Amino acid sequence: MLRIVPLLLLSFFPPPGKELMVASSPEEPALILRIRGLSQSVSDDDARRVTACAVTTGRELARQWHAGWLAAWQPGLQNLFIKMGTRKQGYCFQYSAELLRRLDALKLPTVEFHWGESEPGTTAENNAVIVTARGQPFQGGVVLDNWRAQGHLVWTQVTRDPEYHWKENKAYAASVLQKGADGTPPKPR
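What comes next concerns the included structure.

**A word on the overall build of the protein**
Argument step 1. Each helix and strand in the protein was counted, giving seven helices and six strands.
Argument step 2. Ordered by position from N to C terminus, the α and β elements of the protein give α-β-α-α-α-α-α-β-β-β-β-β-α.
Argument step 3. Across the 189 residues in the protein, those meeting the buried criterion constitute 47%.
Argument step 4. Intrachain contacts of the protein at a sequence separation of at least 6 include 58% that bridge at least 24 residues.

Printed below as a string of structure tokens:
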């Protein structure tokens, strides 16, 4: 029951004209359709694999990083727990980096992934993975955010996010993927 609280809060408070969705399963039909709808070139299989990977990665990381229901309701609490030393991981960039590496490893031919950031370098910063059809501009993509509801995948169109204004950071995406290739940590921004 307590796991439903963040989902209910997100569904009750989106601003008018904006959409913020929460994927309820690795087979979330609305997200699969939205990714498939990015372009006629996006395959059903790629849309399904992206959805399954994003949902299961968030759930796995939330368990591994001990992000409980309270952090799911208020994700900034996980950040506080990390700073206090009671948790080791669970910052937005950590969720996003792991998701980006896992999605990239799938080598999907009809979609590509981008590093999205909002208000970088501030206490309000958030990072997420953005999925687009191959060759499609960043602003046409879909936000995949496992941090916002700590393990529950929140998604929306880049331009319709009621909380964040996303910009692409290609250099940081490359550094995250480089870590996956050779085991060294990403370079600081």
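The discussion continues.
**Points about the pairing of strand 3 (residues 126–133)**
Argument step 1. Strand 3 sits mainly inside the fold: eight of its eight residues count as buried.
Argument step 2. Across the two faces of strand 3 the burial is the same, with Asn126, Ala128, Ile130 and Thr132 and Asn127, Val129, Val131 and Ala133 all buried.
Argument step 3. Here strand 2 (residues 111–118) runs beside strand 3; their pairing, made up of eight bridges, is antiparallel. The partner of Val111 across the bridge, within strand 3, is Ala133.

**Brief notes about the pairing of strand 5 (residues 154–157)**
When a strand is regular, its side chains alternate between the sheet's two faces.
Argument step 1. Two strands pair when backbone bridges link them, and strand 1 (residues 21–22) and strand 5 are joined in this way by two bridges, in the antiparallel orientation. For Val22, the partnering residue across the bridge sits in strand 5 and is Val154.
Argument step 2. Sheet topology places strand 4 (residues 142–145) next to strand 5; four bridges connect them, and they run antiparallel. Each bridged residue has a counterpart across the sheet, and for Val142 the counterpart in strand 5 is Gln157.

**Section: the packing of aromatic side chains**
Argument step 1. Across all of its chains, the model carries two aromatic pairs by this definition.
Argument step 2. Taking the centre distance of 5.5 Å and the plane angle of 45° together, the rings of Tyr164 and Trp166 count as tilted. Across the pair, Trp166 and Tyr164 agree in class, each one buried.

**Observations regarding the nonpolar core**
Argument step 1. Of all hydrophobic cores here, the largest spans 29 residues; its most connected members are Ile35, Val50, Leu103, Val111, Phe113, Val131 and Leu144.
Argument step 2. Put simply, the parts of the chain that give this core at least two residues each are helix 2 (29–36), helix 3 (44–64), helix 6 (92–105), strand 2, strand 3, strand 4 and helix 7 (170–182).
Argument step 3. Of all the elements, helix 3 adds the most residues to this core, at five residues.
Argument step 4. Not counting residues up to four positions away in its chain, the partners in contact with Val111 are Ile35, Val42, Asp46, Val50, Val131, Thr132, Ala133 and Arg134.
Argument step 5. Within the second largest apolar cluster, 13 residues are counted, among which are Leu61, Tyr95, Ile130 and Trp166.

**Focus: the environment of Gln157**
Argument step 1. Relative to the helices and strands, Gln157 resides in strand 5.
Argument step 2. A relative accessible area of 22% means that Gln157 is categorised as partly exposed.
Argument step 3. Residues Gln157 and Val142 lie 15 residues apart in sequence; the distance between their C-alpha atoms is 4.4 Å.
Argument step 4. Dropping the residues within four chain positions of it, Gln157 is found in contact with Glu19, Arg34, Gly141, Val142 and Val143.

Criteria and cut-off values
- Along each chain, residues carry numbers from 1 onward, in the same order as the chain's sequence is written.
- Owing to the predicted nature of the model, reporting of local features is limited to residues with pLDDT of at least 70; listing and counting of side-chain atom pairs is limited to 80 or more, with chain, interface and lining totals taken over all residues.
- By convention in this description, side-chain values take in all heavy atoms of the structure and omit both hydrogens and water.
- Segments assigned H or I by DSSP are reported as helices when at least four residues long, segments assigned E as strands when at least two residues long, and all are numbered from the N terminus.
- Buried means the residue's accessible area, taken with a 1.4 Å probe over protein chains only, is under 20% of the maximum for its type, while exposed means over 50%, and partly exposed covers the values in between.
- Contacts are assigned to residue pairs that have any heavy atoms within 4.5 Å of one another.
- Two strands pair if DSSP finds at least two bridges between them.
- Side-chain rings of Phe, Tyr and Trp (the six-membered ring for Trp) are treated as a pair once their centres are within 6.5 Å; stacked means planes under 30 degrees apart, edge-to-face means over 60, and tilted covers the remaining angles.
- Put simply, buried Ala, Val, Leu, Ile, Met, Phe, Trp, Tyr and Cys residues joined by side-chain atoms within 4.5 Å make one nonpolar core.

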